[in-house]
Amino acid sequence: MAPAHGHGAFPAGGLPLLLGRLFGRKAAPVDTGGGARLVFFGGKGGVGKTTCASAYALARGREGERVLVISTDPAHSLGDLWLVSLGPSPKRVAEGVEALELDPARALENYISQVRENLRDLASPEVREAAERQASLAAGAPGAEEAALLDELVRLTLGNENRYDRIVFDTAPTGHTLQLLQLPEVMRTWTEALLEKRREAVDTSSALQGSEGSPEDRAARILAERRDRYMAMRDRLRDPNRTRFIPVLNPDRLSREETRRMVATLEEVNVRVDTLILNRVLPESADGDFARQRRESEADHIAATRQAFPGMTLIQLPLNAADVSRDQGLEELAGAL
């Protein structure tokens, strides 16, 4: 299997609270079919998320759907698997399937460029230079790349809902993914606070007299539009009829334990998790003493996985003798899915 790369960590404590703010606690009725149009593949680094997301997209494409695969992992392997060079624009990789890779550094560059463009339109000449210096400093602040990546992800998701039947996300390892998923609520709250300060600063009577054309009000409209986009994305993520999260794990204790913690957190805030992919299971055709011992060990891990996740569909995918790519093994995995 092609490994999924990248690293991400979330500060200890507070994650259930942050995700709770994002997704809310009230569950919507869940449909009984495969209606979820946003499908996230997540899990521990190196378990094969890229391969599983690609095989799933290929299977849906074979069913006649229009599918977009988006890689949010800073260390991309999606293009390597499909044997094509991918960038931030969709590129056809198979029948019915297009794919792209989001580059956090490029997303940040575009994000800061947009900020500077807004500043040129909104800031007075006296403060414009200082404001642009602040924008440059903000580019190096902690979380700047994540915020820019989120902005691009929201734009792609909301802008492509009518073009594709399904959008599949090949995510970074668990911590980074959960961090990205909680950002819409954080950014919405931050933007709403700025708008509230603006409302407090504007006298109602002067607003009624017409300050619609002032730079301050144009800035407020930009913030309001961004807030509305974040709220729209948040609503999609918290709706189990629209969004599904499929954990990928291997038959070993470490990935099982990380998956258990991740699923517990997602279920607590009503994120839809009803299917697991157990990847790289040793096939029955493997022989020899080593293969026999490994198969016995895996049988214990598979039994432990079923016990840890009762009531969930468990899909087992075999370990391939060679790396999986567009030309080798991906079709077979798509059939298994």
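- Identification of the protein as arsenite-transporting ATPase from Halovibrio salipaludis is taken from an unreviewed UniProt entry.
- Per UniProt, the comment on the protein under Sequence similarities (unreviewed entry) is "Belongs to the arsA ATPase family."
- Turning to the protein, the UniProt annotation filed under Catalytic activity (unreviewed entry) states: "arsenite(in) + ATP + H2O = arsenite(out) + ADP + phosphate + H(+)".

**Digging into the overall build of the protein**
Inference 1: Scanning the protein from N- to C-terminus turns up 12 helices and eight strands.
Inference 2: Within the protein, counting contacts between residues at least 6 apart in sequence, those at least 24 apart form 79% of the total.
Inference 3: A total accessible area of about 16,300 Å² is found for the protein, and carbon and sulfur atoms account for 51% of it.

**Some remarks on the sheet that holds strand β3 (residues 91-94)**
Inference 1: The strand order β3-β4-β2-β5-β1-β6-β7-β8 describes an open sheet built from eight strands, whose pairing is mixed. Of all the strands in the sheet, the pair left with one neighbour each is β3 and β8 (313-318). Adjacent strand axes in the sheet meet at a mean angle of 25°, parallel and antiparallel pairs treated alike.
Inference 2: Pairing of strand β2 (residues 67-71) with strand β4 (residues 97-101) involves five bridges; the strand directions are parallel. Within β4, the position partnered with V67 by the bridge is V97.
Inference 3: On the sheet, helix α6 (residues 144-159) packs against β1 (38-42), β2, β4 and β5 (166-170) and is oriented at approximately 155° with respect to β5.
Inference 4: Relative to the sheet, helix α11 (residues 289-308) contacts β6 (243-249), β7 (275-281) and β8, its axis offset from that of β7 by approximately 175°.

**Quick look at the nonpolar core**
Inference 1: With 31 residues, the main nonpolar core has I70, L102, F169, F245 and L276 as its most contacted residues.
Inference 2: For this core, the elements supplying multiple residues, two or more each, are β1, β2, α6, β5, α9 (215-237), β6, α10 (253-268) and β7.
Inference 3: The biggest single contributor to this core is α6, with five residues.
Inference 4: Those residues in contact with L102 that sit more than four places away from it in its chain are I70, S71, H76, L149, E152, L153 and L156.
Inference 5: In this structure, V39, F41, W82 and V168 belong to the second largest nonpolar core, which totals 29 residues.

**A word on the environment of K91**
Inference 1: Residue position: K91 is located in strand β3.
Inference 2: For K91, a relative accessible area of 37% corresponds to the partly exposed category.
Inference 3: Linking K91 and L68, residues 23 residues apart in sequence, is a C-alpha distance of 9.1 Å.
Inference 4: Sequence-distant contacts of K91, defined by excluding residues within four places in its chain, comprise S85, L86, V97, E98 and A99.
Inference 5: Polar side-chain contacts of K91 include one of 2.7 Å to the backbone oxygen of S85.

**Notes on the confidence of the model for the protein**
Inference 1: Here the protein shows a mean pLDDT of 77. Residues at 70 or above account for 72%.
Inference 2: Note that residues 1-33 has pLDDT below 50 and, in this model, 86 contacts with residues that lie over four places away or in other chains.

**Points about the pattern of salt bridges**
Inference 1: A complete count under the given rule lists 13 salt bridges for this structure.
Inference 2: As a salt-bridge pair, R236 and E161 come within 2.5 Å of each other at their nearest N and O atoms. Here E161 lies in the loop between α6 and β5 and R236 lies in helix α9, a separation of 75 residues in the sequence.
Inference 3: Connected through shared salt-bridge partners, R60, E65 and R166 make up one network.

**Comments concerning the pairing of β1**
Inference 1: Burial runs high along β1: five of the five residues are buried.
Inference 2: Here β1 shows two buried faces, one formed by L38, F40 and G42 and the other by V39 and F41.
Inference 3: By the bridge criterion, four bridges tie β1 to β5 in an arrangement that is parallel. Among the inter-strand pairings, F41 is bridged to a residue of β5, identified as D170.
Inference 4: In the sheet, β1 pairs with β6 via five bridges, with the strands oriented parallel. Residue pairing across strands places F40 opposite F245, the latter belonging to β6.

**Brief notes about the packing of aromatic side chains**
Inference 1: Enumeration according to the criterion identifies three aromatic pairs in this entry.
Inference 2: Aromatic side chains F40 and F169 sit 4.2 Å apart centroid to centroid with 10° between the ring planes, which places their arrangement in the stacked category. Taken together, the residues span a long stretch of sequence, with F40 in strand β1 and F169 in strand β5 at a distance of 129 residues.
Inference 3: The class for F40 is buried, based on a relative accessible area of 4%.
Inference 4: Here a set of aromatic residues connected by ring pairs shows up, and it is made of F40, F169 and F245.

What counts and how
Residues numbered from 1 in each chain as written. Predicted model: local features only at pLDDT ≥ 70, side-chain atom pairs only at ≥ 80, totals over all residues. Heavy atoms only, no water. UniProt positions renumbered as here; feature names shortened; annotations may be inferred. Helix = DSSP H or I, 4+ residues; strand = E, 2+ residues; numbered from the N terminus. Contact = heavy atoms within 4.5 Å. Areas by Shrake-Rupley, 256 points an atom, 1.4 Å probe, with all protein chains shown as cover. Pairing = 2+ DSSP bridges. Axes fitted to C-alpha atoms, helices over the stretch in contact; angles between N-to-C directions. Core = buried A, V, L, I, M, F, W, Y, C linked by side-chain atoms within 4.5 Å. Buried < 20%, exposed > 50% of the residue type's maximum accessible area, 1.4 Å probe, protein only. Polar contact = N/O pair within 3.5 Å; in protein donor to acceptor, adjacent residues only side chain to side chain. pLDDT = per-residue confidence, 0-100. Salt bridge = Lys/Arg side-chain N within 4 Å of Asp/Glu carboxyl O. Phe/Tyr/Trp six-rings, centres within 6.5 Å; stacked < 30°, edge-to-face > 60°.

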